[in-house]
Amino acid sequence: MPRRFSITGGRVVTPGGVLDADLLVEDGSIAAIGGPFPPGAEDVAADGLTVLPCGIDPHVHLAMPAGAYRSSDDFASGSLAALRGGTAGLVDFVEPEPGETQSRALDKRLSEAEAARILVKFHMTISRWDSETASEMERCVERGIGSFKIYLAYLDSIGVDDETAFRVLERARDLGARVLVHAEEGVAVDALRSAFSGSGRRTPPYHALSRPPECEAAAIAKTAAMVRRLGGPETVIAHVSSELGLAEVRNAKAAGLPVLAETCPHYLAFDASRYELPAPQAARFVMSPPLRSPSDAEALWGGIADASIDFVSTDHCPFDLGAKAESAEDFTRIPNGVGGVAERMAYVLTEGALKRGIALDRLAEVLCSAAGRAHGFPGSAVEPGQPANLCLWRLGTAYRYDRRLGGSRCDYSIYEGMEFAALPEKVFLGGNLRAESWTVATPAKGGD
Ligand code: URP
Ligand code: ZN
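Read on for a plain summary of the structure. In this convention, every chain numbers its residues from 1, walking through the sequence in written order. As a convention, the first chain written is A and the first ligand written is 1, with the rest following in written order. Thresholds applied to this predicted model are a pLDDT of at least 70 for local features of residues and 80 or more for the giving and counting of side-chain atom pairs; totals over whole chains, interfaces and linings are not thresholded and use all residues. Side-chain metrics in this entry use all non-hydrogen atoms of the structure; hydrogen atoms and water are not considered.

Regarding the overall build of the chain
- Under the DSSP-based scheme used, a helix requires at least four consecutive residues in state H or I and a strand at least two consecutive residues in state E, with every element numbered from the N terminus. Scanning the chain from N- to C-terminus turns up 15 helices and 21 strands.
- Restricting the calculation to C-alpha atoms gives the radius of gyration, and the globule rule supplies 2.2 Å times the number of residues raised to the power 0.38. By the compact-globule yardstick of 22 Å for 448 residues, the chain fits well, its C-alpha radius of gyration being 21 Å.
- Principal-axis analysis of the C-alpha atoms places the extent of the chain at approximately 70 × 50 × 40 Å.
- Note on exposure labels: buried denotes an accessible area under 20% of the residue type's maximum, exposed denotes more than 50%, and partly exposed covers the range between, all computed with a 1.4 Å probe on protein chains only. Within the span of the chain, comprising 448 residues, buried residues form 57% of the whole.
- We call two residues contacting when some pair of their heavy atoms lies within 4.5 Å. Long-range pairs, those at least 24 residues apart, make up 74% of the contacts in the chain between residues at least 6 apart in sequence.
- Methods summary: accessible areas were calculated by the Shrake-Rupley approach with a probe of 1.4 Å, and residue burial reflects only the protein chains presented. Counting every atom, the chain has about 16,300 Å² of accessible surface; 50% of that belongs to carbon and sulfur.
- If the 45 positive side-chain charges of the chain are averaged to one point and the 60 negative ones to another, these points end up 1 Å apart. Charge counting treats Lys and Arg as positive and Asp and Glu as negative, with His and both chain ends excluded. For this purpose, a charge sits on NZ of Lys, CZ of Arg, CG of Asp or CD of Glu.

Examining the nonpolar core
- For our purposes a nonpolar core is just a set of buried Ala, Val, Leu, Ile, Met, Phe, Trp, Tyr and Cys residues, chained together by side-chain atoms within 4.5 Å. Grouped together as the largest cluster of nonpolar side chains are 107 residues, with contacts concentrated most on F148, I150, I304, L349, L363, L367 and W393.
- In this structure I150 touches I126, V160, A165, V168, V179, L180, V181 and H182, once residues within four positions along its chain are discounted.
- Residues F5, V12, L23 and A388 belong to the second largest nonpolar core, which totals 16 residues.

Observations regarding the packing of helix α13 (residues 344–355) against helix α14 (residues 360–375)
- Axis definition: a line fitted to C-alpha atoms, limited for helices to the stretch in contact. Angles are taken between N-to-C directions and run from 0 to 180 degrees. Two elements in contact, α13 and α14, have axes whose closest approach is 11 Å; the angle formed by their N-to-C orientations is 150 degrees. If you check the angle between α13 and α14, you find them roughly antiparallel. In this structure, α13 crosses over α14, and the sense of that crossing is right-handed. Between α13 and α14, the contacting residues are R344, M345, V348, L349, G352 and A353 on the first element and L360, L363, V366, L367 and C368 on the second. In these notes the angle categories are as follows: under 35 degrees is roughly parallel, over 145 is roughly antiparallel, 65 to 115 is roughly perpendicular, and the rest is oblique. Take the far helix as the reference: if the near one is turned anticlockwise from it by less than a right angle, the crossing is left-handed, and if turned clockwise, right-handed.

A few points about the coordination of the zinc ion (ligand 2)
- Each metal site is built from N, O and S donor atoms within 2.8 Å (3.2 Å for Na, K and Ca), and since water is not included, such sites may look incomplete. For the zinc ion (ligand 2), the full set of protein donor atoms is H59 (NE2), H61 (NE2) and D315 (OD), at a range of 2.0 to 2.1 Å.
- Between the donor residues of the zinc ion (ligand 2), the gaps in sequence give the motif H-x1-H-x253-D. Of this pair, H61 sits in the loop between β8 (55–57) and β9 (65–66) while D315 sits in the loop between β17 (311–312) and α12 (321–326), placing them 254 residues apart in sequence. Across this residue pair, the class does not change: H61 and D315 are buried.

Some points on helix α2 (residues 102–112)
- Those residues of α2 that sit buried are Q102, S103, A105, L106 and R109. Taken around the axis of α2, the buried residues stretch over an arc of 160 degrees, which confines them to a single face.
- Tucked into the core, α2 has its buried residues touching α1 (75–84), β11 (87–94), β12 (119–125), α3 (133–142) and β13 (147–151). To obtain the arc, one takes the directions from the helix axis to the C-beta atoms.

Points about the pattern of salt bridges
- The term salt bridge refers to a pairing of a side-chain nitrogen on Lys or Arg with a carboxyl oxygen on Asp or Glu at a separation within 4 Å. Under the definition given, this model contains 28 salt bridges.
- Between D27 and R3 there is a salt bridge, and its shortest N-O distance comes to 3.0 Å. Of this pair, D27 sits in the loop between β4 (23–26) and β5 (29–33) while R3 sits in the segment before β1 (4–8); the two residues are 24 residues apart in sequence, bridging distant segments of the chain.
- Here D27 falls in the exposed class, since its relative accessible area comes to 54%.
- Residue class for R3 comes out exposed when judged on its relative accessible area of 51%.
- The shortest N-O distance in the salt bridge between D74 and R409 comes to 2.8 Å.

In structure tokens form, the structure reads like this:
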């Protein structure tokens, strides 16, 4: 793109509201919103289009090992899928192996992430507490890690007990870092899993029955109690899936605690009736926490609208059909996770803005700006001085989504065949056109 160009005739979604305004981009940054501009700028016509900041997805698992499997997208394919769908930044995870230091695991993950085509940052997962953990956490913060992750479920692998959770929260508070919590009561979930599995009840519906909303709500309440006792740190509840869980988030916020919440598109778009499908199809929808009831999904939309929910992330962690089908008759062995990194923005804009009338600036906040601020991604709001990471959306023209548009390497998408009415027509990173209508233009690093 030229050094200076204008985007004219569009609707611009700024943090302060939606404006009918032209934009001037100069040297990769937004120079001005609202003309008149000095003459000589090339024009990008945006008549009928809506200009949003590119998305930031604060929770993805690229190339994540899971037993015999690995999540389908690596950093190259996952980041390109994100870019096609209008997303400019991802936050993935460093998950040290047993006996490996956080620093060493971070080195390895940083080198894997060099294949990414957009900016990627990391949460550091803590799955044990030993004599090195406190100092390793400090080293991570010195190297730019601002967020630690703990799992209160998966106690047989990466999950932590309450004492470790408390120590991680305390140390993160002292280091000024944030903690992301997978909030499901691991002991109760494990008891339910054993009871179902031990009595031969292993089909996908038992996946959901073994992880009920009460387990989510209890883990959120416990986390909030620790944050209250410790006076911090800022804590994000990952992938809130239920109305009961959301009620605990609201309680924590009402008490003035620094507790934030994420939900994911799959909890908004689908419900637990999917687990009644024949096992190989049902297995496609197995993730943790599981899908809930339609009224839970309604409640989550309410949480997005009233700002009880701060982020919509994807928890992008798809596994190919073969991996899902292989153990579909035994929910304890189905690899957990679904994709969405390409579809997140288009789905949420279609359903949230066009069908439910949620304000575009509110959706820009949960899809882009809140995560951008939390993780330090420049260009996650349309404001003068920011890098021009902009997506020009055609809103209101329906089309049927085909997974090949998103381009994830996974061989299925739970959004396949869904009607979307939000098309990412032009995606700019740092003022350069990088993708058009689901097609990557010139793969390149973000922010340039
Ligand atoms: O089912 C899920 N969510 N898989 C990814 C790992 C996690 O629990 O976040
Ligand atoms: Zn996750």
